[in-house]
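Survey of secondary and tertiary structure
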Amino acid sequence: MTIKAFSFTVRTNDPRPLDLSVSTHVYKTGGGVMERIALVGREMGEEDILDFDAEFGDTFNVSYNDLIHGEYSITVMEGEASAAPLLKIYLYDDRVRGDSGVLFRVVGEGGETIYVDNVYFSSPLRTRIARVARLLGVPQRLVEEEVKRLGGRGM
Amino acid sequence: MLREKLFIEVESGEEPRVDYSKYLDATVEDFERLAAELRPRLMPRLGKDYKLYLSHMPPLRDGEKPITYTLSACPECNSLLKAVIFKRDGKVWIRKVCPEHGEIEELYFGDYEMYERFRSHQHDGRGNLNTHVPLMAPCPYNCGLCPRHKSHPALINLVVTNRCDLSCFYCFFFASRAGYIYEPTLEHIRYMLRQPRKLRPQPAIALQITGGEPTLREDLVDIVRIAKEEGYTHVQVNTTGIRLAFDPELAVKLRKAGTNVLYMSFDGVTPYTNPKNHWEVPYTLDNLRKAGLGVVLVPTIIKNYNLNEVGKIVYFGLKHNDIVRGVNIQPVSITGRMPRKEREKERVTIPDVIMEIERETEGQISRYDWYPVPSVAPISRFIEAVTGEPKVAFTTHFACGAATYVWQENGEIIPVTRFIDVDGLLKFLDEKADELERGRNRYIVFLDVLLKLRKFVDASRAPKRLREGKRILRLLYKVFIKHDYSSLGDFHYNSLFLGMMHFQDLYNHDVARVMRCDIHYVMPDGREVPFCSFNVIPDLYRDRAQKAFSYTIKEWERLTGRKLIDLKYKRNIRKLLAGEPYRRHYEGLFDIDSIPYEDHVLASKRFGIPVIE
């Protein structure tokens, strides 16, 4: 199946200040292991708007309409993987709120979201890591190491 | 039986419709199942209901300074377009170009300076953890709420009927023009009311029962009771007040059932500007006094029609603020299609109305006394940080609404800003909420609030009741230190809330505002749709959903044994003018004796309300 992910930076002042960067890393899981999926970047097109909104509406409350309110750069990344549960790790830096960290999304084999964090309502990172590891059937240590390797704060 | 079968028909346009007469005895669970079946089939469809033209950038011309870009719908075909919001001649405008229907430009906000001041108060919501529809389409064609939505509901609207006893010339919503009757059963209403209560972290707690004319439902009091049972702590009824002018018992019953306040249309103080209910309002107010049921006046303001009377509406509210709790002004939302020259005769925006009030009150209520709706979000944020519990926060777009509080003493109007440093207090509370959220010791924060709160208040300039014994300071301590909100009644006593809410139309439509909307409608299929999608794109939301759950007029008449036409209101102006309440309420606001009886009759008839002797 085709995997799509986004990394972006947005800076706006209207209707409210927003200065946010998010990079996404995608992992295939199964058999107790996690494998990072190699993704190839391209420019964003009209056909990506809905996917962008679906990815960042419920996580960061950010949508395409927020992007066009100011200056933004965005990379669409695509790759292929056999059907398997996926883990998406979002590394973010919110320079208005002075907050940076990590959010997770667990995607089922059918593409449905099984679990997702929200930037405003997330539990401590270790609690969330334990939860996604349990959902994916991988050792918690693997997720922790990957978050550390990516430079995620809060460990 | 119903659990086995759903009575759904599909019309030629592929829009499903329920045989509603078969659902009269259906349970909440039946409606749950029916709604789940119909909801996906009622959603707007790409290609059929709207198109995307997002690559077309609107131009900017000499002398125009861009402010931002956004998405907006075409007034002709609903296509989603890119739009630019820009400054020109001290005002803020929006422009978009539809490849099929050309360029559309509209006034967005009538004063750039106020736009900037209001923008500095913007606070966004944190969205909802659960929503009613999955993300399947771009905003605003995915309403329901979808996971993109930024605000939780501050007020839920529930349409209980599309019947109305008036036939206002501009309205296409009421039953006889729509061609069907939408009137959900009590069980269906209970199902609908439960949906916004499911939202997390902040379920809906405030409800407006609306129509059509809700007082036409004989079971309106039961609906209020059900709303209370379902956990709505604030219930208001949106009405013309006409039936309440003649039925004092209804006012008492509504109050006893738990209605907190009425929302009553009131477009001016003269028969010329308010032909809808000018003659009945004095009697309605008297009946509400007897019932102890407060009212908020709701004027719709149109530039060439009643803008020059908005100050008098405020004075009317002040004159009767023993029962009038507020005036919530709505600059007109232009429904239907209208050429630009015609629109210019009608269009007013929030700054235009605020500045007209400043002019008419000779500066007593100035433009700087008004604050945009989201400016109060720091208060909710502070209390939430202190209590650890989610609180309702008003996080609309700053261009959606504004408000202030005023008191009247010895003929002088005292806005809240005369004795509270509102800017300073809001900024202070925001900082304290920040500190609490970052884990600073609560007691240290409380101590700081206790010590510094007084510097934002000049009790000597407050209205007498709040000035005496520095009651205003004690009241603020109770709210922010003790979290005792019962004392807020003291603050509101004798005050008049002045609000403004500018609902959008397809000319000034801005998706950024839709996404932040906190006034929602609950639909018969369980969706929760922002006001400015429900009413601005009615063919895709309001009308499609209500028609799907409606009776034919013939069927309704057969079931009820009544004729729709017989419910139309006929006005006895002579009798209403002769009563003592009429003169008592309008005395001093216009020269009552200068208007001949014939003019009264003409005003009513022109509006579409027949007159009887």
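Quick notes on the rules
- Residue indices follow the written sequence of each chain, beginning from 1 at its first position.
- Each chain gets a letter, beginning with A, and each ligand a number, beginning with 1, in the order they are written.
- In view of the model being predicted, local features appear only for residues whose pLDDT reaches at least 70, and side-chain atom pairs are presented and counted only at 80 or more, with totals across whole chains, interfaces and linings using the full set of residues.
- Runs of H or I in DSSP of at least four residues are treated as helices and runs of E of at least two as strands, each being numbered from the N terminus.
- Here the radius of gyration uses the C-alpha set of atoms, whereas the globule reference equals 2.2 Å times the residue count to the power 0.38.
- With C-beta atoms placed from the backbone, a residue is buried if 20 or more other C-beta atoms are within 10 Å of its own, exposed if 12 or fewer are, and partly exposed between those counts.
- Placing C-beta atoms from the backbone, we regard two residues as in contact once those atoms come within 7 Å.
- What pLDDT expresses is the predictor's confidence in each residue, scored from 0 to 100.
- Residues are grouped as follows: Ala, Val, Leu, Ile, Met, Phe, Trp, Tyr, Cys and Pro are nonpolar; Asp, Glu, Lys and Arg are charged; all remaining types, including Gly, are polar.
- In this analysis an axis means a line fitted to C-alpha atoms, helices contributing only their contacting stretch, and an angle means the value between N-to-C directions, from 0 to 180 degrees.
- In what follows, roughly perpendicular refers to angles from 65 to 115 degrees, roughly parallel to angles under 35, roughly antiparallel to angles over 145, and oblique to any angle outside these ranges.
- For any helix crossing, the convention is left-handed if the near helix is rotated counterclockwise from the far helix by under a right angle, and right-handed if that rotation is clockwise.
- The term nonpolar core means buried Ala, Val, Leu, Ile, Met, Phe, Trp, Tyr and Cys residues held together as one set by C-beta atoms within 7 Å.
- Strand pairing requires that DSSP identify at least two bridges connecting the strands.
- Think of the arc as the fan of directions from the helix axis to the C-beta atoms.

**Examining the overall build of chain B**
The number of helices and strands found in chain B is 25 helices and 22 strands. Relative to the globule expectation of 25 Å for 613 residues, the C-alpha radius of gyration of chain B, 24 Å, shows essentially globular dimensions. Seen along its three principal axes, the alpha-carbon backbone of chain B occupies a region of about 70 × 60 × 55 Å. Here chain B holds 613 residues, and the buried ones make up 47% of them. The long-range share in chain B, meaning contacts at least 24 apart out of those at least 6 apart in sequence, stands at 71%.

**Describing the overall build of chain A**
On a plain count of helices and strands, chain A comes out with 4 helices and 8 strands. For chain A, the α and β elements follow one another from N to C terminus as β-β-β-β-α-α-β-β-β-β-α-α. What you see for chain A is a C-alpha radius of gyration of 15 Å, in line with the 15 Å of a compact globule of 155 residues. Taken along the three principal axes of its C-alpha coordinates, chain A extends 45 × 30 × 25 Å.

**What to know about unusual backbone geometry**
All names here are of chain B. Residue Pro-140 follows Cys-139 across a cis peptide bond; omega there is 15°. Inspection of the secondary structure assignment puts Pro-140 in the loop between helix H2 (112–119) and strand S8 (155–159). One non-glycine residue, Glu-362, adopts positive backbone phi at about 50°. Its place among the elements puts Glu-362 in the loop between helix H12 (350–360) and strand S16 (371–372). Taking the C-beta count within 10 Å as the criterion, Glu-362 has 9 such neighbours and is therefore assigned exposed. Positive phi outside glycine occurs at Asn-410, with the angle close to 50°. Within the fold, Asn-410 resides in the loop between strand S17 (401–409) and strand S18 (412–415).

**Here we look at the confidence of the model for chain B**
The predicted model of chain B has a mean per-residue pLDDT of 94, with 99% of residues at 70 or higher. The ipTM, which scores confidence in the relative placement of chains, is 0.94 for this predicted complex, and the corresponding pTM is 0.95.

**Looking at the interface of chain A and chain B**
Across the boundary between the two partners, chain A contributes 18 residues, which contact 27 residues of chain B. Here the side of chain A that touches chain B gets 6 residues from one element, more than from any other, and that element is helix H1 (residues 49–60) of chain A. Among the residues forming the side of chain A that touches chain B, the class breakdown is 7 nonpolar, 6 polar and 5 charged.

**Overview of the packing of helix H5 (residues 220–229) of chain B against helix H7 (residues 248–257) of chain B**
Residue and element names in this part refer to chain B. Relative to each other, H5 and H7 sit at 15°, their axes nearing to 9 Å. Considered as vectors, H5 and H7 are oriented roughly parallel to each other. The chirality of how H5 crosses H7 is right-handed. Contacts between H5 and H7 pair Val-221, Val-224 and Arg-225 from the former with Lys-253, Leu-254 and Ala-257 from the latter. Looking at the contact of H5 with H7 residue by residue, the classes come out as 4 nonpolar, no polar and 2 charged.

**Re helix H13 (residues 377–387) of chain B**
Residue and element names in this part refer to chain B. Of all the positions in H13, only Ala-377, Pro-378, Ser-380, Arg-381, Phe-382 and Ala-385 are classed as buried. Each element contacted by the buried residues of H13 is listed here: helix H14 (422–437). The first or second residue beyond H13 is Gly-388, which carries a positive phi of 75°.

**A short note on the nonpolar core**
Residue and element names in this part refer to chain B. Ranked by internal contacts, the top residues of the largest apolar core, which has 178 residues, are Leu-158, Leu-297 and Val-353. Among the elements that line this core, the one with the most residues is strand S5 (residues 80–88), at 6 residues. Those residues in contact with Leu-158 that sit more than four places away from it in its chain are Ile-189, Met-192, Leu-193, Leu-207, Ile-209, Thr-210 and Val-522. Listed in part, the 8 residues of the second largest apolar core include Ile-420, Leu-466, Ile-472 and Leu-476.

**A few points about the packing of helix H1 (residues 28–42) of chain B against helix H4 (residues 186–197) of chain B**
Between two packed helices, both the angle of their axes relative to each other and the distance between the axes serve to describe the pair. Residue and element names in this part refer to chain B. As a packed pair, H1 and H4 sit with axes 8 Å apart at the nearest point and diverge in direction by 65°. In this structure, H1 crosses over H4, and the sense of that crossing is right-handed. Contacts between H1 and H4 involve Val-28, Phe-31 and Glu-32 from the former and Glu-187, His-188, Arg-190 and Tyr-191 from the latter. Its residues placed into classes, the contact of H1 with H4 shows 3 nonpolar, 1 polar and 3 charged.

**Overview of the pairing of strand S7 (residues 102–109) of chain B**
Residue and element names in this part refer to chain B. Taken together, the 7 bridges between strand S6 (residues 91–98) and S7 define a ladder with antiparallel strand orientation. Note that in S7 the partner of Trp-93 across the bridge is Leu-107. As consecutive antiparallel partners, S6 and S7 are separated by 3 residues.

**Digging into helix H17 (residues 471–482) of chain B**
Side chains of residues three or four places apart in an α-helix project in the same direction, reflecting 3.6 residues per turn. Residue and element names in this part refer to chain B. Residues of H17 that are buried: Ile-472, Leu-476 and Phe-480. For H17, the angular spread of buried residues about the axis comes to 45°, placing them on one side. One or two steps after H17, the chain reaches His-483, where phi turns positive at roughly 55°.

**Let's talk about the pairing of strand S2 (residues 18–30) of chain A**
All names here are of chain A. The sheet contact formed by strand S1 (residues 2–12) and S2 spans 5 bridges and is antiparallel. When the bridges of S2 are listed, Phe-8 appears paired with Val-22. If you look at the hairpin formed by S1 and S2, you'll find 5 residues sitting between the two strands. Note: S2 against strand S6 (residues 86–94), 9 bridges, orientation antiparallel. Bridge pairing links Tyr-27 to Leu-87 in S6. Adjacent in sequence and paired antiparallel, S2 and strand S3 (residues 33–36) are bridged by 2 residues, among which Gly-31 carries a positive phi angle near 60°.

**Re the environment of Tyr-493 of chain B**
Looking at the secondary structure, you find Tyr-493 of chain B in the loop between helix H18 (488–492) and strand S19 (496–501). In this structure the C-alpha to C-alpha distance between Tyr-493 of chain B and Trp-407 of chain B, which are 86 residues apart in sequence, comes to 9.1 Å.

**Points about the environment of Ser-82 of chain A**
Residue and element names in this part refer to chain A. Following the sequence through the fold, Ser-82 ends up in the loop between strand S5 (71–80) and S6. Given 8 C-beta atoms within a 10 Å radius, Ser-82 is considered exposed. With 27 residues separating them along the chain, Ser-82 and Glu-109 place their C-alpha atoms 9.1 Å apart.

**Description of the environment of Phe-480 of chain B**
Residues and elements named next belong to chain B. Inspection of the secondary structure puts Phe-480 in helix H17. Judged by the 21 C-beta atoms lying within 10 Å of it, Phe-480 is buried. Considered as a pair, Phe-480 and Ser-265 are 215 residues apart in the sequence and their alpha carbons are 35 Å apart. Residues within four places of Phe-480 in sequence aside, it is in contact with Val-449 and Leu-453.

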